[in-house]
Structure formats: C-alpha cells, structure tokens
Amino acid sequence: MGKRPRVRYTLDTGTVRSLSEEEKAAILRAADELIGTGGRSMLTKILKGSRDKKVLEHGLDQCPAYGFYRSLTLEEISHRVDWMIKKDYLRIDYDGRLPMLVFSEKGWEMERNTYAEEVYQNMRRDAEEGQFRTIHEMKDVNRLVVFDVLEKIRACRDEAFLPMLAEWKKSEVRKVRERIGSVEKTIESRECGSVFSWMKAQKGDAVRLSMLVERTVREVYPKYYSGDIVDFFCILHSRGRMEAEVEAGRVWQLFCDGRLVGTGSHDGNHITGVYVSPKEQGRGFGSYIMERLEQEIRKEADRAVLDASAPAEGFYEHRGYQVVERKTLSMGNAELTYPVMEKIF
C-alpha cells in the first residue's frame, strides 16, 4: 500500500473583514491549548463551548476562552479562525497527514502577553489569599512568559507577593531564581517612581525585539529616508539577524514598569543599535539605554564608536559623541550617507 496523502484543507473567511483585539486574543488563547496537537475544527469547538467528548476528555473546557463565541454558529466561528490564519496570526503545519495549528511570530507575541497577564492575575489572587497554588504550575510555563509575569510583579511592587516569591524561588532553576531575587529586591526597596529593568535578551526575545525595531523604523525613518533605505534598515535588524545577535549575547532590553520600551546592543566597543518604541520616545529611555551600554563598554575600552542614523545624530552629539568620518553606502537607486561617531571616556 502507498503512503496515505495529507488531509487537505481550504480556508474560508466568509464575510469576516476584521476582528477586534479582544477576539484575536481569545482565539489565540484557545489555540494555545492545541498548538502542534490539534487543528481548526477543535479550536472552533473550544470557542463555541462545545460539549464534544474529546473537548471534555482533554480538559479543554477549562480554557479561559472556552465558550467565547457561544452565541455564534460553528460555521461563523470557523470563518473567524480562518481569518486569523489568513492574516498570519496562526499557521498550519503538518504532523504526518494531519494539519495542525501553530503560532506565527506575531500571533505568539500577542498570546504571550495575554497568557502572562492571565498568570499574573492568578498570582495576584493567590497573594491576596496567602496561597501558593499558581507557582506550582510554573514549571510547565514558557520561560519568556515566566519572565514577563515577574516583570509585572516587579512593576506593581506589592509586598503581598514576597512570601510567594520566596516559596517559588525554592523550586526554580538558576536563571529564574536570579530574576525572582531581583524582583524581591525591587519590592523591598520601597522606592517610588517608575521601575526600570535592564537585562540581556534571552533566546526567544528576538521576535519581539525585531518587531519593536521594525515598528520604530517604519514610523520614524520615512521622515528622513527614502523607502529603499527604510527597507534596508528593517533587513539590517531582521528576525534572523536579531536572533544571531541575541545568541552572541550582544543585545539588551529595557523594561519600564513591566513593559518593553527599548533595546540596545553593542559588539565590543561598537554600539550597533539603539531603538525606543515610538510611543515611548521623548521620556529619557534612549539616554538610559546609552548610559548602560557605555557602562558595559567602559569595562574593556576607553572609547565607544557607532554609526548614527539621521534621526539620532543630534541625540548622540548631546551625549558627547563627535563625527570622525562620513561614509556612503550604495543601495541600487539610493545612497545612504551616515556619520561614524566616537566618544572618548
């Protein structure tokens, strides 16, 4: 007998033209229960609140998004699921013959935020009740989500979390213990004002960081450069390149009150990228990132160098950098001229 063919599928969005952020988050939250193990049909049943035997056997009725679309028909829900696939929040990957759901990069980032908030709210409830229920489930939670939860706890600075953090630390691996300890110190310090967290990017952070950089470039750089040059900067900091930089330990990220606001990187004494989310600019985050990068560079070198973009040249001048030469890079029909700048410590 020959190998059985793959099960084929056809996407049908019906009359669906858009979904609210709440709907997207609910579909992704339900999909998280099925990633790599289930398909579109089962996802539709979870969102419907179906009493299907398999839904109940696998405990899928416990998903927070179970029954989100209770008032819609299965066909109407299926159109919404297919819209999420067509808009690349979800993708289809085959496991043998069967098409299974997987997250796209932007879908995972949205679900990561949703899941972290859900876990945080559960921990807040536990803290208020003096319970440790949720921390016993954290071993099975994605490490990046764990770190996001800890940053939310850091941002709230509620002393009610301290007993839970102490208990949680006993059963965790070193990297998580270190982050818990850092959060404990922040809470115990009782300092007022915003809480900053400056830390090296971890494997898995590259997607979110490359999205932050691309969003910044797409919103800010068109005021200074042609479309070809804007595209060049996006490619320069693509996901693949960002992953390589993170793997090499060159990338840092800045959180303020639990939210990612910017990133900075350096290779030796060469600062290779400083980006602040467009909605967070003008609040001193760029200066904070530069200060921390320069502190790292000072450990090994007596000067820092960088290639400045047009939007940032004045910013670097204010920080004591001077132009040492100007270079030109040809890109088809466009030319990029940029200053090489240096600061001697």
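Draft legend 1. Spatial organisation of the overall build of the protein. The secondary structure content of the protein amounts to 13 helices and nine strands. Dimensions of the protein, computed from the C-alpha atoms along their principal axes, are close to 70 × 55 × 40 Å. Considering the protein as a whole, with its 345 residues, one finds that 46% of them fall into the buried category. The contacts in the protein between residues at least 6 apart in sequence include a share of 66% that link residues at least 24 apart. Carbon together with sulfur atoms contributes 46% to the accessible area of the protein, which is approximately 18,200 Å² in total. In the protein, the 57 positive side-chain charges and the 57 negative ones have mean positions that sit 3 Å from each other.

Draft legend 2. Local environment of unusual backbone geometry. Positioned with a positive phi, Asp-88 is a non-glycine residue whose angle comes to about 65°. With respect to the element layout, Asp-88 can be found in the loop between helix H4 (74-86) and strand E1 (90-95). The phi dihedral of Asp-257 falls on the positive side, at around 50°, and the residue is not glycine. Its location among the elements puts Asp-257 in the loop between strand E4 (251-256) and strand E5 (259-267). The class for Asp-257 is partly exposed, based on a relative accessible area of 28%.

Draft legend 3. Summary view of the side chain of Arg-29. Mapped onto the fold, Arg-29 is located in helix H1 (residues 21-31). Judged by its relative accessible area of 7%, Arg-29 is buried. With residues near it in sequence (within four places) discarded, Arg-29 still touches Cys-63, Pro-64, Ala-65, Glu-111, Thr-114, Tyr-115 and Glu-118.

Draft legend 4. Quick peek at the layout of surface pockets. Counted as a void, the largest pocket has a volume near 1,000 Å³. As for the largest pocket, its lining consists of 43 residues, and the residues nearest its centre are Tyr-221, Val-274, Tyr-275, Ser-309 and Tyr-316. Partitioning the lining of the largest pocket into residue classes produces 24 nonpolar, 13 polar and six charged. Empty space within the second largest pocket amounts to approximately 570 Å³. As for the second largest pocket, its lining consists of 21 residues, and the residues nearest its centre are Glu-109, Asn-113, Arg-208, Arg-215 and Leu-260. For the lining of the second largest pocket, the secondary structure elements donating two or more residues are helix H5 (105-129), helix H6 (143-156), helix H9 (206-220) and E5. For the lining of the second largest pocket, the element with the highest residue contribution is H5, accounting for seven residues. Tallied by class, the residues present in the lining of the second largest pocket amount to six nonpolar, four polar and eleven charged.

Draft legend 5. Molecular detail of the packing of H9 against helix H10 (residues 227-236). Axis separation between H9 and H10 bottoms out at 9 Å; the angle between their running directions is 170°. Judged by the inter-axis angle, H9 sits roughly antiparallel to H10. Relative to H10, the crossing made by H9 is right-handed. Across the interface between the two elements, Glu-214, Val-217 and Arg-218 from H9 touch Val-230, Asp-231, Phe-233 and Cys-234 from H10. Split into classes, the residues belonging to the contact of H9 with H10 amount to four nonpolar, no polar and three charged.

Draft legend 6. Focus on the sheet that holds strand E7 (residues 303-307). With mixed pairing, seven strands are arranged side by side in an open sheet as E3-E4-E5-E6-E7-E9-E8. Two strands lie at the open edges of the sheet, namely strand E3 (196-200) and strand E8 (322-331), each paired on one side alone. Across the sheet, the mean angle separating the axes of adjacent strands is 25° when strand polarity is ignored. Most of the contacts of H9 go to E5, to which it runs at about 95°, and overall it touches E4, E5 and strand E6 (270-276).

Draft legend 7. Representation of the side chain of Arg-112 within the structure. As for its position among the elements, Arg-112 is in helix H5. Polar contacts involving the side chain of Arg-112 include one to the side chain of Asp-148, which spans 2.7 Å. Setting aside residues no more than four positions away along its own chain, Arg-112 makes contact with Leu-144, Val-145, Asp-148, Gly-204, Asp-205 and Arg-208.

What counts and what doesn't
- Residues numbered from 1 in each chain as written.
- Predicted model: local features only at pLDDT ≥ 70, side-chain atom pairs only at ≥ 80, totals over all residues.
- Heavy atoms only, no water.
- Helix = DSSP H or I, 4+ residues; strand = E, 2+ residues; numbered from the N terminus.
- Buried < 20%, exposed > 50% of the residue type's maximum accessible area, 1.4 Å probe, protein only.
- Contact = heavy atoms within 4.5 Å.
- Areas by Shrake-Rupley, 256 points an atom, 1.4 Å probe, with all protein chains shown as cover.
- Lys, Arg positive; Asp, Glu negative; His and termini not counted.
- Charge placed at Lys NZ, Arg CZ, Asp CG, Glu CD.
- 1 Å grid on protein atoms, 1.4 Å probe; cavity = no way out; pocket = protein on both sides within 12 Å on 5 of 7 lines; lining within 4 Å.
- Points joined across faces, edges and corners; volume = space filled by probe spheres on them.
- Nonpolar A, V, L, I, M, F, W, Y, C, P; charged D, E, K, R; others polar.
- Axes fitted to C-alpha atoms, helices over the stretch in contact; angles between N-to-C directions.
- Parallel < 35°, antiparallel > 145°, perpendicular 65-115°, else oblique.
- Left-handed = near helix turned anticlockwise from the far one by under 90°.
- Pairing = 2+ DSSP bridges.
- Polar contact = N/O pair within 3.5 Å; in protein donor to acceptor, adjacent residues only side chain to side chain.

Don't take any of this as a statement about function, it's just geometry.
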